Amino acid sequence: MIERQLQPLLHELVGVVLAPTSALGDATGQIRPTGVQGVFHADARVVSRAELRVDDQELEGLTRGDDGPHGAHFVGLARWLGDPTPDPTVRVDRLRRATRDGLTEELRIVSTATVGVRATVTVDLGCDLAPIEVVKSGGATDALAATTDQAGTLSWSGSGITVTVTAPGADVLAEGERATAPRLAWPIDLPAGGETVLRWQVRVEDPRAVVVGPTGEPEWSRPEVTADDRRLVRLLDRSLDDLRGLRLAETGAPADVFLGAGVPWFLTLFGRDSLWAARMMLPLGTDLAAGTLRVLARRQGTRVDPATGESPGKILHELRRHEVALPGNGLRLPPAYYGTVDATMLWVNLLHDAWRWGMPTEQIEPLLPHLEAALGWLGEHADPDGDGLVEYVDTTGHGLSNQGWKDSGDAVRFRDGSLATAPIVLAEVQGYAHEAAVNGAALLDAFGRPGGDRWREHAATLARRFRESFWVDGRYGPQPALALDRDKRPVDSLTSNIGHLLGTGLLDRDEEAQVAHLLITDTMAAGFGLRTMSSDDAGFSPLSYHCGSIWTHDTAIVLGGLARAGHREAALGLAEGLLSAAEAFDYRLPELYGGDARSVVNRPVPYPASCRPQAWAAAGAVLLLQAATGLYPDVPGGTIRVAPLAGPELGALTVTNLRVADNPVTVEVDRTGEATVTGLPTPLTPTPAVPTQRNPTTPSLPR
């Protein structure tokens, strides 16, 4: 039997994060030398073991909880110590906190015994400096030998990284067999009813890291929310704490902050993820958007390089400290990799939306040359065969075979389950491209630059080609295909991708109504959110990464599009799914989870390798809040539309400290859905809301 090298599971692990540091351990607080457990710093595992014992025995775990936004609190018992009564009398609280350059732990040993307690507290440590891609692939690594040159101190070095552990008052055992498994030991002698506090700390020096933790407070406002549905309040609070921990900057440019994609696999700059997360966060201010735009603009492509996927004007996909090679699947990505088909259009759309939310002119103008370069990529490099549609193909044989947001190798499947062959033309990418052309034209016009008419014509041509090529007959009537394959055949599965077309301008009103109708069928929406693929399709599996699971950000994006377009009932259904899932996951929504129907499993099934926390999953809570308040500003146009999802079904809602043109804004929505907005900058004029749409049963659509 061939032994498989499997990606380790992490759904039951407890994480703390303050980027670029994160830590994962088990529910009792132990960090064991197995799987993905460990302390990570900027793509390297700097601690692979941290096991606490008292008198060489493990504690019995009682519970765990948060200790601030970047910490965890574990409670355990040492029942062999203290009074011989049914009640435990010796308790150990373990408080773990991530720091920008490492980790701290505080061990509080509390006795309520009537007799003295004498014991030895130990922490066994390990360090392997394993690269994150080795951990992700389930690869084995050897522990490194530690050195100790002063009391209470240990250190490891390798790959340009130095890891130092300090433990005041501890004896350090690091000789012989203990060189690769060093031990910190504290003898304790507590009087009756006594307690003591022990501390140890990890610090990392990593001058070769490509990302660093920024200083200061988050770039966004923190709104105060009062809601009839308390799940929304709890979800937002937890999500903003997690987002605070995911803030990153490039080494050498600490002022431009972006969000790292997620813990543990992707805590770095990811073009698509960072852009989507910043876009979702616009109701809380434009500073995060500005930082994200500038970081990616500095690395915008300038040449054609098939090895990295770079081309002039293209926006980066992923940034690492070194080449990433995943054993077993042939994937080998350079440190700066451009293999994404959508990030360039998403960059344009973020710049446009930030402008609409009131991003200052002095921040936009320096980015206009990058806007023109991005549009140049759309016109000159995004359509290699010249058929008017945006496509991708990996020509290297070791890059990503799929380069949309569903980037797994089996993500693009026909209804019968067969795989599409590249070059691939994804449905949602055509929507992003249409939106980018229209939005780019608006920015060029507004700032007195030429080319607006060209890009409006480009958008019109793209819309025409999409109608000619993508609409197919499905079980529930006409539907946009997921994609076109190498031979321009429609990939006829029903997927969540089509929900991303809402609001891009690629669809007309009737087409959007039909898409809304498709998305709320039981085959798509019977779980706790929106399935990535219909349960009617042969490729469907509720625990498939991209063919049946539910992704938090995907559901939030589609929910937001439905709400903006006036499809209230459909949007509310997805909102209920997300809020129910949030409740089940302690309000830290994971990257993705199982697509099982609620009638089959009454709580969402974890996807066992899902990032958690993850940037666009956490930012989805802000997008949900925006849909609930219904705030859609156009600061340059002097208007604002208010169309709240809150009201009879979702309940009343009051939100203070939203940001429009950096002005604090309050939105109050009563139980009838009537909204009152105060604090708007002048002169913003409210415009009528889009009427609520009913999904037609026999729409007039392209055939």
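This text follows the structure it describes.
Rules and cut-offs
- Residues numbered from 1 in each chain as written.
- Predicted model: local features only at pLDDT ≥ 70, side-chain atom pairs only at ≥ 80, totals over all residues.
- Heavy atoms only, no water.
- Helix = DSSP H or I, 4+ residues; strand = E, 2+ residues; numbered from the N terminus.
- Rg over C-alpha atoms; globule rule 2.2 N^0.38 Å.
- Buried < 20%, exposed > 50% of the residue type's maximum accessible area, 1.4 Å probe, protein only.
- Contact = heavy atoms within 4.5 Å.
- Polar contact = N/O pair within 3.5 Å; in protein donor to acceptor, adjacent residues only side chain to side chain.
- Phe/Tyr/Trp six-rings, centres within 6.5 Å; stacked < 30°, edge-to-face > 60°.
- Lys NZ or Arg CZ within 6 Å of the ring centre and 35° of its normal.
- Pairing = 2+ DSSP bridges.
- Salt bridge = Lys/Arg side-chain N within 4 Å of Asp/Glu carboxyl O.
- Core = buried A, V, L, I, M, F, W, Y, C linked by side-chain atoms within 4.5 Å.
- Expected span 1.5 Å × (residues − 1).
- Disulfide = S-S within 2.5 Å.

Undergrad: I keep staring at the overall build of the protein and nothing clicks. Help me out?
TA: Counting secondary structure elements, the protein contains 14 helices and 36 strands. Taken over C-alpha atoms, the radius of gyration comes to 26 Å for the protein, in line with the 27 Å a tight globule of 703 residues would show. In terms of overall dimensions, the protein has C-alpha extents of about 80 × 55 × 55 Å along its principal axes. Among the 703 residues that make up the protein, the fraction classed as buried is 60%. Sequence separation of 24 or more characterises 65% of the internal contacts of the protein that already satisfy a separation of 6 or more.

Undergrad: Would you mind showing me how to read the side chain of D83 here?
TA: Considering the arrangement of structural elements, one finds D83 in the loop between β7 (71–77) and β8 (90–99). A distance of 3.0 Å separates a polar side-chain atom of D83 from the backbone nitrogen of T114. Beyond its immediate stretch of four places on either side in the chain, D83 contacts T89, T112, A113, T114 and V115.

Undergrad: Quick question: what am I supposed to make of the packing of aromatic side chains here?
TA: Centre-to-centre distance and the angle between the planes together describe a pair of aromatic rings. Evaluated as defined, the whole model comprises 9 aromatic pairs. Their ring planes at 45 degrees and their centres at 5.6 Å tell us that Y545 and Y607 sit as a pair that is tilted. One end of the pair, Y545, is in the loop between α11 (522–525) and β29 (550–551); the other, Y607, is in the loop between β30 (592–593) and α14 (615–629), and 62 residues separate them in sequence. Relative accessible area serves as the criterion here: at 17%, Y607 is assigned to the buried category. Every member of this aromatic cluster is reached through a ring pair, and the members are W405, Y545, W551, Y607 and W616. The ring of W265 carries K136 above its face, with NZ or CZ at 5.7 Å from the centroid.

Undergrad: I keep staring at the sheet that holds strand β18 (residues 247–250) and nothing clicks. Help me out?
TA: By definition, the strands of a sheet pair up through backbone hydrogen bonds, in either a parallel or an antiparallel sense. Ordered by their spatial adjacency, 3 strands build an open sheet running β16-β18-β19, and the pairing between neighbours is antiparallel. Looking at strand neighbours, the two that pair on one side only are β16 (211–212) and β19 (253–259), the edges of this open sheet. With 4 bridges joining them, β18 and β19 adopt antiparallel strand pairing. Each residue of the ladder has a partner; that of A249, found in β19, is V257.

Undergrad: Which parts of the structure should I look at to understand the pattern of salt bridges?
TA: Overall, the coordinates contain 61 salt bridges when judged by the stated rule. R294 serves as the salt-bridge partner of D256, at 2.8 Å between the closest nitrogen and oxygen. Here the residue D256 occupies a position in strand β19, and R294 occupies one in helix α4 (residues 287–298), the gap between them amounting to 38 residues. The exposure class of D256 is buried, given its relative accessible area of 9%. One salt bridge connects R449 with E372, and the closest N-O pair in it is separated by 3.0 Å.

Undergrad: Help me out: how do you make sense of the sheet that holds strand β28 (residues 490–491) in this one?
TA: Spatially, β24-β27-β28 is the arrangement adopted by the 3 strands of the open sheet, whose pairing is antiparallel. Because the sheet does not close on itself, it has two edges, and the strands there are β24 (425–426) and β28. Sheet topology note: the strand β27 (residues 483–484)/β28 ladder contains 2 bridges and is antiparallel. Its bridge partner being in β28, A483 is matched across the sheet by V491.

Undergrad: Even after reading the chapter, I still don't get the environment of R97, so can you show me in this structure?
TA: By the secondary structure assignment, R97 is in strand β8. Its relative accessible area of 30% is what places R97 among the partly exposed residues. Sequence spacing of R97 and V17 is 80 residues, and the spatial spacing of their C-alpha atoms is 8.1 Å. Sequence-distant contacts of R97, defined by excluding residues within four places in its chain, comprise D67, H70, G71, L103, T104 and E106. In this structure the side chain of R97 is engaged in a polar contact, spanning 2.7 Å, whose partner is the side chain of D67.

Undergrad: Mind showing me how you'd approach the nonpolar core here?
TA: Within soluble globular proteins, side chains that are nonpolar generally end up buried alongside one another. In terms of nonpolar packing, the biggest core is built from 160 residues, with M281, M345, W347, L371, L378 and V412 touching the most fellow members. Of all the elements, α14 adds the most residues to this core, at 11 residues. Excluding residues within four positions of it along the chain, M281 makes contact with W220, L240, L243, L288, A619 and V622. Core analysis: the next-biggest nonpolar cluster, separate from the first, contains 48 residues, V46, V54, V117 and V202 among them.

Undergrad: Just to check I follow, could you spell out helix α7 (residues 368–380) for this structure?
TA: Helical periodicity: at 3.6 residues per turn, an α-helix aligns residues three or four positions apart in one direction. When the terminal C-alpha atoms of α7 are compared, their 18 Å separation across 13 residues agrees well with the 18 Å that a helix rising 1.5 Å per residue should span. Turning to α7, its buried residues number three or more, namely L368, L371, A374, L375, G376, W377 and L378. Here the buried face of α7 lies against α5 (343–356), α6 (361–364), α8 (427–446) and α9 (452–469).

Undergrad: Mind showing me how you'd approach the pairing of strand β32 (residues 639–642) here?
TA: The side chains of a regular strand alternate, first on one face of the sheet and then on the other. Pairing geometry for strand β31 (residues 631–634) and β32, over 4 bridges, is antiparallel. In the sheet register, D634 faces β32, and the bridge partner there is T639. In the sheet, β32 pairs with strand β36 (residues 685–687) via 3 bridges, with the strands oriented parallel. If you follow R641 over to β36, its bridge partner there is T687.

Undergrad: How should I be thinking about the state of the cysteines in this particular structure?
TA: Chemically, a disulfide is nothing more than a covalent bond linking the sulfur atoms of two cysteines. Evaluation of the coordinates by the stated rule reveals 0 disulfides. Free cysteine C547: the closest other cysteine sulfur is in C611, separated by 18 Å. A relative accessible area of 1% places C547 in the buried class.

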